[in-house]
Amino acid sequence: MIENASPGLWALAWRRLRADRIAMGALAVVLLFLLSVLLSSTGLVAADWEDEVAVNYAPPSFVGPDPALAALARPPAPVPPNAFDPLAADLSALKAELAQKGHAAQAVKAATLPFGADKWGHDILKKTIKGGQTSIVVGLVAALVAVALGTLFGAISGFYGGKVDDLFNWFYSIFTSIPSILMILTVAAVLQTRGVLTIVLILGLTGWTGPYRLIRAEYIKHKAREYVMAADAIGASGWRRMFSHILPNVSHVALVQMSILVVGFIKAEVILSFLGFGVPVGTVSWGSMLNEAQNELILGKWWQLAAAASAMAMLVTAFSLFADALRDALDPKLK
């Protein structure tokens, strides 16, 4: 007779999550953003975001066209050939040759777009999707690096204690004695390069202190529990007790820290892009969009600011709600 195996930690957590409608709704929103990142990175969506498809500062469709800009959307009237121009015949032949090769005359630019256009005529909707690819990747990957380092350092420090704990606490004291924004700017100035990978390294290498402090405290508390002492009695190694027995019971702390860091790192990317240490020229992110929008807002062009801020608020809120629900589902003390 085969006995039914009892459900594991993650199976029980998934069962509790499915009963939480808010958590499942937040998960759907997060998955929608991740799907947009995947489609954008593969070029299936927003690949032509740099095309100038509208007039400068084209308003959203629900606002209506700007009469002053609507005239610019019409194609220019054809200029009759100048009989006294010695290059007129050559220019006509060149235009005919370009038309045969597919380089037709410039298409009529739109006077409005669903979410408006920026000062170059780029579609704000496509720009927001493409910018989300950069900001989400920076926030998630940098938070993953910071939480991974903080969890590893905190586990080793809290489990072994003694001189190992003193060494990690010394590094922790150095990193926390400097304000976070100054630490980020210092690392950015040392690296002297701009790009998504650089931002991830900057944020990941400076943001591990928060997870380290909490994970270290959890390991100090759990290493004296009965289940860890029983694992030691049957011959389990230190690393097995650290990551197979204790880590699942403190994973909710790491998840909460990751949700907090994702929000903070997206904000940090905005600051770095504003100060010139962020994404390079030619790469769009929500931070660079907000940087551009501050000048547009003075002119009354609010749609780029609204699009980037709304997308960021939706993702941050959904990610925080899902992370909180997942923390509660993984906490063994909450039934």
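Given the structure is predicted, the values throughout are model-derived calculations rather than measurements.

Asks: Explain the pattern of salt bridges here, please?
Replies: Side-chain pairs of opposite charge can arise where the charged atoms are in close proximity. Overall, the coordinates contain six salt bridges when judged by the stated rule. Asp 48 is the salt-bridge partner of Lys 126, the closest N and O atoms lying 3.1 Å from each other. Residue Lys 126 is located in helix H5 (residues 124-160), and its partner Asp 48 is located in the loop between helix H2 (21-41) and helix H3 (67-73); the two are separated by 78 residues in the primary sequence. Its relative accessible area of 34% is what places Asp 48 among the partly exposed residues.

Asks: Help me out: how do you make sense of empty space enclosed by the protein in this one?
Replies: Using a probe with the size of a water molecule, rolled over the atoms, empty space left in the structure can be pinpointed. Scanning all chains against the criterion turns up one cavity of 30 Å³ or more. Within this model, the largest cavity holds a volume of roughly 50 Å³. Surrounding the largest cavity, Val 30, Leu 34, Ile 136, Leu 140, Val 262, Ile 266, Leu 315 and Phe 319 form its lining. Counting residues per element, the ones that place at least two in the lining of the largest cavity are H2, H5, helix H11 (238-275) and helix H13 (303-330). Looking at the lining of the largest cavity residue by residue, the classes come out as eight nonpolar, no polar and no charged.

Asks: Help me understand the nonpolar core, please; the structure alone is not making it clear to me.
Replies: It is characteristic of soluble globular proteins that their nonpolar side chains tend to be buried jointly. Core analysis: the biggest nonpolar cluster contains 62 residues, and Leu 17, Leu 203, Tyr 219, Phe 265, Trp 286 and Met 312 have the highest contact counts within it. Per element, the largest residue contribution to this core is 14 residues, and it comes from H11. Leaving out residues up to four positions away in the same chain, Leu 17 has contacts with Ala 23, Met 24, Phe 322, Ala 325, Leu 326 and Ala 329. Within the second largest apolar cluster, five residues are counted, among which are Ala 54, Val 55, Ala 58 and Leu 113.

Calculation criteria
Residues numbered from 1 in each chain as written. Predicted model: local features only at pLDDT ≥ 70, side-chain atom pairs only at ≥ 80, totals over all residues. Heavy atoms only, no water. Salt bridge = Lys/Arg side-chain N within 4 Å of Asp/Glu carboxyl O. Helix = DSSP H or I, 4+ residues; strand = E, 2+ residues; numbered from the N terminus. Buried < 20%, exposed > 50% of the residue type's maximum accessible area, 1.4 Å probe, protein only. 1 Å grid on protein atoms, 1.4 Å probe; cavity = no way out; pocket = protein on both sides within 12 Å on 5 of 7 lines; lining within 4 Å. Points joined across faces, edges and corners; volume = space filled by probe spheres on them. Nonpolar A, V, L, I, M, F, W, Y, C, P; charged D, E, K, R; others polar. Core = buried A, V, L, I, M, F, W, Y, C linked by side-chain atoms within 4.5 Å. Contact = heavy atoms within 4.5 Å.

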